[in-house]
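Overview (structure and organization)
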Amino acid sequence: MCPSDTLYTLSTPTKIGNVILVGAGPGDPDLLTVKALRLIQQADVIIYDRLVSQEIVELFPSCCQAIFVGKEAGNHCVPQQQINNLLVKHALAGKQVVRLKGGDPFIFGRGGEELEALQPFNIPFEVVPGITAASGCAAYAGIPLTHRDHAQSVQFITGHLKQGQDQIDWLSLARAKHTLVFYMGLNQSNVIRHKLSAYGMPLTTPIAIIEQGTTPHQRVLTGELAKIEELAQQAASPALIIIGSVTQLSQQLNWFNQQPDALTNIEQEMQRYG
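Quick look at the structure, then.

Here is what the cut-offs are and how they apply
- Residues numbered from 1 in each chain as written.
- Predicted model: local features only at pLDDT ≥ 70, side-chain atom pairs only at ≥ 80, totals over all residues.
- Heavy atoms only, no water.
- Helix = DSSP H or I, 4+ residues; strand = E, 2+ residues; numbered from the N terminus.
- Buried < 20%, exposed > 50% of the residue type's maximum accessible area, 1.4 Å probe, protein only.
- Pairing = 2+ DSSP bridges.
- Axes fitted to C-alpha atoms, helices over the stretch in contact; angles between N-to-C directions.
- Contact = heavy atoms within 4.5 Å.
- Salt bridge = Lys/Arg side-chain N within 4 Å of Asp/Glu carboxyl O.
- Core = buried A, V, L, I, M, F, W, Y, C linked by side-chain atoms within 4.5 Å.

A word on the side chain of Ser53
Locating Ser53 in the fold gives a position in the loop between β2 (45–48) and α2 (54–57). The exposure class assigned to Ser53 is buried, which follows from its relative accessible area of 11%.

Considering unusual backbone geometry
A cis geometry characterises the amide bond from Ser237 onward to Pro238, with omega recorded as 0 degrees. Checked against the element boundaries, Pro238 lands in the loop between α8 (228–234) and β12 (239–243). One non-glycine residue, Gln212, adopts positive backbone phi at about 50 degrees. Within the secondary structure layout, Gln212 lies in the loop between β10 (206–211) and β11 (219–224). Judged by its relative accessible area of 29%, Gln212 falls in the partly exposed class.

Describing the sheet that holds strand β1 (residues 18–23)
Strand order in the open sheet made by the 5 strands is β3-β2-β6-β1-β7, with parallel pairing throughout. The open sheet has two free edges, formed respectively by β3 (65–68) and β7 (125–128), since each of these has just one partner strand. Ignoring strand direction, the axes of neighbouring strands in this sheet form an average angle of 20 degrees. Sheet topology places β1 next to strand β6 (residues 96–101); 6 bridges connect them, and they run parallel. Within the sheet, the bridge partner assigned to Val22 lies in β6 and is Leu100. In this fold helix α3 (residues 80–92) packs onto β1, β2, β3 and β6, with an angle of close to 155 degrees to the strand it touches most, β6.

Looking at the pattern of salt bridges
Evaluation of the coordinates by the stated rule reveals 7 salt bridges. The partner of Arg99 in a salt bridge is Asp49, with the nearest N and O atoms 3.0 Å apart. Taken together, the residues Arg99 in strand β6 and Asp49 in the loop between β2 and α2 connect sequence positions 50 residues apart. A single burial state applies to Arg99 and to Asp49, both of which are buried. With its nearest N and O atoms 2.9 Å apart, the salt bridge here joins Arg99 to Glu114. One end of the pair, Arg99, is in strand β6; the other, Glu114, is in helix α4 (residues 111–118), with 15 residues separating them in the sequence. What emerges from the salt-bridge pattern is a single network uniting Asp49, Arg99, Lys101 and Glu114.

With respect to the nonpolar core
Counting residues in each nonpolar core, the largest one holds 22 residues, and the members touching the most others are Phe182, Leu196, Ile209 and Ile243. For this core, the secondary-structure elements that each account for two or more residues are α6 (170–173), β9 (179–183), α7 (189–198), β10, α8 and β12. Contact partners of Leu196, with chain neighbours within four places excluded, come to Trp170, Leu173, Ala174, Leu180, Met201, Leu225 and Ile243. In this structure, Ile20, Leu39, Ile40 and Val128 belong to the second largest nonpolar core, which totals 18 residues.

Put into structure tokens, the structure is as follows:
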């Protein structure tokens, strides 16, 4: 049901509302959790990011207030402090606010920072995890992030550092039998290659860049660390960089991009046998 049309103001709230931090997953609407979909449909206000796919936006109830606060590298549509203020404003007005983020809100999503902003106002909150881009996009590209023959560990790294500070332990990242997943790393591909190579990773190490993972527009670019800059120039955000020998498995396990051909073959076989 749609919420009532009652007007709320900060000066005369009927009751305090709440904020629910919800992960929308990597793009495919079928990857929303059941709980995420239910809360989206019950929301009075949905504040959502650029990485929330259009297919998921189309699931928003017509009676809710949808507020786009999308951000991308070098172009912050709405500053973070203003997003925090929106969450506080609507919750204090008695609304149920869904803060919808692509992937998982606690993995490079500033989810913790936004919840901290609610605490001085005693606004109740809840967190609904989502499928993070690393696991979702890798799975749809046929890349197991861990594999007994290739990698016994995996690490997620952000390509955006606070105030440009390099706090990454590159020596640790360059070790063998290890999968690296760089979020938002396209613009830092030259740094990634230089640092990993300097700390001992061979330039022949296999890599993959997954563009618009889990969506019908998904592209998987593969190559070696030596060519990472060239591949990054061919890709557009949103994209993930995966480094490690597991990426070699994409060619044989890339089930998602093979689906149309597979369906065609099945249809042909059905026609052949009546």
